[in-house]
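Coordinate inspection notes
Here's the letter readout for the chains.
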Amino acid sequence: MERQHQLRVVDDAFQACHRNAGALVLVEGYFGTGKTALLKAVKDRGGVEGFAILQARGSEFETGFPYGVVRQLLEYHLSSMTEEERAAVFTGAAALAAPLFHHQTTPGPHSGEPHSDDPAREQSVLRGLYRMLVNLADRQPLLLLLDDIHWADGPSLRFLHYIEGRLEQQSILCVATTASVDRGYNVDVTHAFVTSPAVHLLPVGVLSEEGVREVLASALGFLPDDALVRVCHQATGGNPFFLHELISEIRAESGAERPLSPALVARAGPRNVARVVHRWVQRASQEHVDNATTLARGLAVLGNSGDFDQLAGVTGLSRHEVAEAASVLIDIGVVESDTHLRYVHPIVRNAVYEHMPRTTRYRAHTSAARTLASSGAPPEQVAEHLLHAPPSNDSRVAEVLIAAGQRALRLGDFTLAVALFRRAEQEAVSAEMLPRLLAHLGEAEHRARDAGAVEHLTQALDLTVETAARASIALNLSGALTAAVRYKEALDVLQGVRLEAQDQHPELANRLHAEIIKIAQLTSATRPVAESALAEFGDAGADAAVGALALLRAQQAFEALFNGEPATNVIPLCEDALLQGPLVREPDGGAQAAWLIALCLYCCGRLSEAGAVLDDAIQRAEGLRLGLASDDLRSLRAYVHLNRGMLAEADGDATGVLAGATPDDLPALGRPFAVLALTELLLLRNQTSGAVDAFKRYGMSAEIPHQVLFLPLMLARGRFHIAQNLAEAGALDLLRTHELLEDWGARCPAFSPSVPAVEALADLGRRDEARRLAHRHLTAARAFGEDRVIGAALGAYARTVTDGRQLDLLEEAATLLEGTGALIDECTVLIQLGIALRGAGESQRARVRLRTANDIAEATGARVLAKKARQQLATMGVRVRESARTGLAGLSPREHRVALLAAEGKRNREIARILFVTVKTVEWHLSQAYRKLGITSREELRDALART
């Protein structure tokens, strides 16, 4: 009822699927709004249309079990086939997914454990699952029905993401249901599907009063009066599930002979699902009520089970009693059974679970853990129950919790890992087990950015004897100490353990040595340690392991940059580092090599190459579930995007990293860059108050420490102070940043905040001071030899001179900046040149420069620069119209990003991987970019972007 539109959409999808044009239809709505009923209607239509039907349902208690929903979807269907039919399903690439279903095929390069953390392995499994569906669809059109995917496990959701854009040429129709985004379930998952261009979104809402009238008329057999309709609608909010349960409960209590009335509905209407389930169970035969209640509670604790012996162990019932009680629960609609016994809907199970007496729940969890352990269940499945059971002082319990925590740590679920390890602490932990537990707990806390990491890792290091284990703990402890700005202690830990490891474990010693260099570079006091360690490491570099060698080369490149060597010396070192193997690697979430290389390339004017390095490194870090590394890399990419004029992309990266952060959080390597990027892009968008608010929200609540790690924050604050017309405060921040860099020993002009500092000093009338600073910076920039840095330095120096040299300086700056890709710097200098030309009476040339600046500013979204350019043109009587939505200015942020990547030579599949979209989406964005740029092929793209 009131679902005619949804059924028409589904009917159209069935007809398209018959033409090999499959689709993924997502039904979105609140719990109980009839999503499952609609899915059943789709299933009936699928039977009529001749589709093979596969179905599955997500569950909150299964979210930690990899491929749980995928297994549900396919296992039952596979079990109904003959051996020959199953073999046909697993032919070709589908064999890659065979181990997931314990089906034996010829071993291949990716055969083995299907839950490997290797991204290549997961890609193989996803590809294999997709080919399984294609093979099934070759026999008969395929209908996939997935209920409540907001409760699905991560790998199953990634599989849905994988296929969502790959159904368009297959006879496969996938219809899934999910809770609404604002309902408080898995918001990120739901939002990802809702915003995907490959998904057909089909919302369902609650019933109107007329809809309630129709439901009541259908259920009661007569047309109800307005008062009854109104009170039923108010009591249930128009929720079909609640309305159905309300009617069922009232009829069970009052009997069919007694007429329904508004008063009866108001008194007897259920207020929550737990009460409804309780009344459903009470309707069973009295001899089965107790057992059914016991089984309902046991099943609520277990989640689902196809093993009656397991259910008997958890509930204390006999196998025969379990079977009878299960029949009752199925008959009254509380649970359903195919290969497993499970609740009809997750919220039904949750309601039963939450309203169990606490002692009963504890006993049930303890029984479940004991039963699952004795049946050989995986540790994480057993630990799920141990988390809810009281301590038992059993060392075996601690072992299970530790094993489950290790798995959660490998899978990147650090919050769960911390909970599991902390729960293990409450058990009887042996002296032999304690160091390992503390080490794992500290690592999980470090990756979760929990301040308790230092204490637990220190304890673990003190209790651990074996050198390799001590080295691993030292790496995590040094990271936690660094995050707490305790650099000296971090170095002491690393240096002590390195001495122990250098004879027995040279590779670990190299890794520790590289970490020493990294941390020692962060303060002026420890810089000599870094230089000495780098020289020592360089002498032995040829013998270093591949991963350590990549980091060594990156650190050498950074050292050369830091010391002010010419860009032509730094770039070959970066290129050499890129040849030394993966730049993002475990065990410490090491993104430092990629981060340093990208920073060096950016400073040396290779903005596009820096972006490419970061794109690849971020993809690898996320594939390895290295959240800290990914955040650091994305923070730097936000700043690179900003300086390339890609403000929308910079916004996405910066806000993504900072989401949920507070000024009091533990700092991270990249976070200050994200704050700087977000502050500057808001200022460029002429949103000064927004920039101030963003800094207050994500910067630091206390005074910014005078340390290198926090310099971007000081620079950001100086920027928005100047925008607020607080030039004195802004200049103070910028000059203090400059002094701290000099104290640190940084001699590379690409690091220097001299350009905005010169502008601030000039605005304050301190022209002599500004000129001296600008001259020193320009001299250093010319020695560095990078066009972007020189161009910006020339622009700053031009602000301090008043003679005829100003035009020459600005003309040289504009020439150097053209083609560097640093659009914000180029636009700034062009406006400055236009103003100078106008002052010199060269109005025609001034108009050309200012128009070009306005075009760049509009294309990048730098509204403050566009406003300045238009104001100057207006003073010359030039009326500037708003640009049409064509050309570069007409591209959406995503079209712009896709076009840039394509112009850099990346293939559509590579772009899709970088942006986490489908190839079809990339093709669509490219076609739109071609149309707006007035071109017809990829070969014209680079020139078109350069021309505009």
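Remember, predicted model here, so these are calculated numbers, not experimental data. In this numbering scheme, every chain counts its residues from 1 along its sequence in written order. Whole-chain, interface and lining totals are the exception, using all residues; otherwise, since this is a predicted model, local features are given only for residues with pLDDT of at least 70 and side-chain atom pairs are given and counted only at 80 or more. Computation of side-chain values covers all heavy atoms of the structure but excludes hydrogens and water.

Some remarks on the overall build of the protein chain
Condition: Numbering of helices and strands runs from the N terminus, with a helix taken as a DSSP run of H or I at least four residues long and a strand as a DSSP run of E at least two residues long. Classification of residues uses two cut-offs on accessible area relative to the type maximum, computed with a 1.4 Å probe and protein chains only: under 20% is buried, over 50% is exposed, and between them is partly exposed. Here, two residues are considered to be in contact whenever any of their heavy atoms come within 4.5 Å of each other.
Counting its secondary structure elements, the protein chain contains 47 helices and eight strands. Looking at the protein chain as a whole, 55% of its 948 residues qualify as buried. Pairs at least 24 apart in sequence give 66% of the contacts found in the protein chain among residues at least 6 apart.

Quick word on the sheet that holds strand E3 (residues 142-147)
For the record, the criterion: Only strands that DSSP links by at least two bridges are regarded as paired with each other. Helix axes are fitted to C-alpha atoms over the stretch in contact, other axes to C-alpha atoms as well, and angles between N-to-C directions run from 0 to 180 degrees.
Pairing in this open sheet of five strands is parallel, and the strands run E2-E3-E4-E1-E5 from one edge to the other. Here the strands that pair on one side only, and so sit at the sheet edges, are strand E2 (52-57) and strand E5 (199-203). Between one strand and the next, the sheet's axes are offset by a mean angle of 15°, whatever the strand orientation. With five bridges joining them, E3 and strand E4 (residues 172-178) adopt parallel strand pairing. Among the inter-strand pairings, Leu-146 is bridged to a residue of E4, identified as Ala-176. Seen against the sheet, helix H2 (residues 35-49) touches strand E1 (23-28), E2, E3 and E4 and runs at an angle of roughly 170° to E3.

Observations concerning the nonpolar core
The cut-off we apply is this: Take the buried Ala, Val, Leu, Ile, Met, Phe, Trp, Tyr and Cys residues and link them wherever side-chain atoms come within 4.5 Å; each set so joined is a nonpolar core.
Ranked by internal contacts, the top residues of the largest apolar core, which has 166 residues, are Leu-561, Leu-633 and Phe-751. Broken down by element, the residue count for this core peaks at eleven residues, all from helix H29 (residues 592-603). Excluding anything up to four places from it in sequence, Leu-561 contacts Val-570, Cys-600, Cys-603, Cys-604, Cys-748, Phe-751 and Phe-784. Judged by nonpolar contacts, the second largest core, of 52 residues, contains Ala-300, Leu-317, Val-382 and Leu-386.

A look at the side chain of Gln-72
So the rule is basically this: Polar contacts, as counted here, are pairs of nitrogen or oxygen atoms within 3.5 Å of one another; within protein the pair requires one atom able to donate a hydrogen and one able to accept it, and residues that are adjacent in sequence qualify only if both atoms are side-chain atoms.
Along the chain, the position of Gln-72 falls in helix H3 (residues 68-79). Within the structure, Gln-72 has its side chain in polar contact with the backbone oxygen of Arg-57 (distance 2.8 Å).

A closer look at the pairing of E4
How we decide: Crossovers are described as right-handed under a simple rule: with the strands pointing away from the observer, the path leading from the first strand over the helix to the second runs clockwise.
Within E4, seven of the seven residues are buried, which leaves the element mostly enclosed by the surrounding structure. In this structure, E1 lies alongside E4, joined through six bridges in parallel fashion. Counterpart to Leu-26 in the pairing with E4 is Ala-176. Traced from E3 through helix H6 (residues 154-164) to E4, the parallel crossover comes out right-handed.

Brief notes about the sheet that holds strand E6 (residues 304-305)
Spatial ordering of the open sheet is given by E6-E8-E7, a layout of three strands whose pairing is antiparallel. The open sheet terminates on both sides in strands that have one partner only, identified here as E6 and strand E7 (335-337). Along the sheet, helix H15 (residues 319-331) makes contact with E7 and strand E8 (341-343), crossing E7 at roughly 110°.

Overview of the confidence of the model for the protein chain
Low pLDDT marks stretches whose predicted atomic positions should not be read closely. Our working rule: Across the chain, each position has a pLDDT score giving the predictor's confidence in that residue, from 0 to 100.
For the protein chain, the mean per-residue pLDDT works out to 83, and 87% of the residues sit at or above 70. Low pLDDT (under 50) marks residues 182-186, which in the prediction has eight contacts with non-local residues, meaning those over four places away or in another chain.

Considering the pattern of salt bridges
The cut-off we apply is this: In what follows, salt bridge is the name for a side-chain nitrogen of Lys or Arg lying within 4 Å of a carboxyl oxygen of Asp or Glu.
With the rule as written, the count across this model stands at 42 salt bridges. Among the salt bridges present, the one from Arg-553 reaches Asp-576, with a minimum N-O distance of 3.1 Å. Residue Arg-553 is found in helix H27 (residues 546-562), and its partner Asp-576 is found in helix H28 (residues 567-578); the two are separated by 23 residues along the sequence. A relative accessible area of 27% places Asp-576 in the partly exposed class. One continuous salt-bridge network, built from bridges that share partners, spans Asp-615, Arg-634, Arg-637, Asp-653 and Arg-897.

Re the environment of Ile-519
Within the secondary structure layout, Ile-519 lies in helix H25 (residues 506-520). With 32 residues separating them along the chain, Ile-519 and Tyr-487 place their C-alpha atoms 6.6 Å apart.

Considerations on unusual backbone geometry
Even without a glycine there, the phi angle at Asp-148 is positive, about 60°. Along the chain, Asp-148 falls in the loop between E3 and H6. You can call Asp-148 buried: its relative accessible area is 0%. With a phi angle near 65°, Asn-686 is a residue other than glycine that sits in the positive phi range. According to the relative accessible area criterion, Asn-686 is partly exposed, its value standing at 41%.

Focus: the packing of helix H40 (residues 805-817) against helix H41 (residues 823-839)
We count it as follows: These descriptions rest on fixed angle ranges, namely under 35 degrees for roughly parallel, over 145 for roughly antiparallel, 65 to 115 for roughly perpendicular, and the rest for oblique. Each crossing is labelled by how the near helix is turned from the far one, with a counterclockwise turn of less than a right angle marking it left-handed and a clockwise turn marking it right-handed. Residues are grouped as follows: Ala, Val, Leu, Ile, Met, Phe, Trp, Tyr, Cys and Pro are nonpolar; Asp, Glu, Lys and Arg are charged; every other residue, Gly included, is polar.
Viewed as axis vectors pointing N to C, H40 and H41 meet at an angle of 150°, and their least axial separation amounts to 9 Å. Taken together, the axes of H40 and H41 lie roughly antiparallel to each other. For the crossing formed where H40 meets H41, the hand is left-handed. Residue-level contacts link Gln-806, Leu-807, Leu-810, Glu-811, Ala-813, Ala-814 and Leu-817 of H40 to Asp-825, Glu-826, Val-829, Leu-830, Gln-832, Leu-833, Ala-836 and Leu-837 of H41. Residue classes in the contact of H40 with H41 are distributed as ten nonpolar, two polar and three charged.

Structural notes on the packing of aromatic side chains
We count it as follows: Working definition: a ring pair exists when centres of Phe, Tyr or Trp rings (six-membered ring for Trp) sit within 6.5 Å. Plane angles under 30 degrees give stacked, over 60 give edge-to-face, the rest tilted.
The final tally for this structure, using the stated rule, is ten aromatic pairs. Ring geometry for Phe-14 versus Phe-51: centroids 5.0 Å apart, planes at 75°, classification edge-to-face. Here Phe-14 is found in helix H1 (residues 4-18), whereas its partner Phe-51 is found in the loop between H2 and E2, with 37 residues between them in sequence. Classification of Phe-51 by relative accessible area gives buried; the value is 5%. Aromatic side chains Tyr-639 and Phe-673 sit 5.9 Å apart centroid to centroid with 70° between the ring planes, which places their arrangement in the edge-to-face category. Separated by 34 residues along the polypeptide, Tyr-639 in helix H31 (residues 627-643) and Phe-673 in helix H33 (residues 671-684) bring together distant segments of the chain.

Comments concerning the packing of helix H13 (residues 286-302) against helix H17 (residues 358-374)
It is the contact of H13 with H17, at a shortest axis distance of 10 Å, that shows an interaxial angle of 60°. Seen from above, H13 lies across H17 with right-handed handedness. Contacts between H13 and H17 involve Arg-297, Val-301 and Leu-302 from the first element and Thr-360, Ala-364, His-365, Ala-368 and Leu-372 from the second.

Overview of H13
An α-helical turn contains 3.6 residues, so a residue and the one three or four places further along point in the same direction. Applied cut-off: To estimate how far a helix should extend, the number of its residues minus one is multiplied by 1.5 Å.
Its 17 residues give H13 an end-to-end C-alpha distance of 25 Å, which sits within 8% of 24 Å, the value for a rise of 1.5 Å per residue. For H13, the set of buried residues is His-288, Val-289, Asn-291, Ala-292, Leu-295, Ala-296, Gly-298, Leu-299, Ala-300, Val-301 and Leu-302. Trailing H13 by a residue or two, Gly-303 shows a phi angle of about 100°, which is positive.

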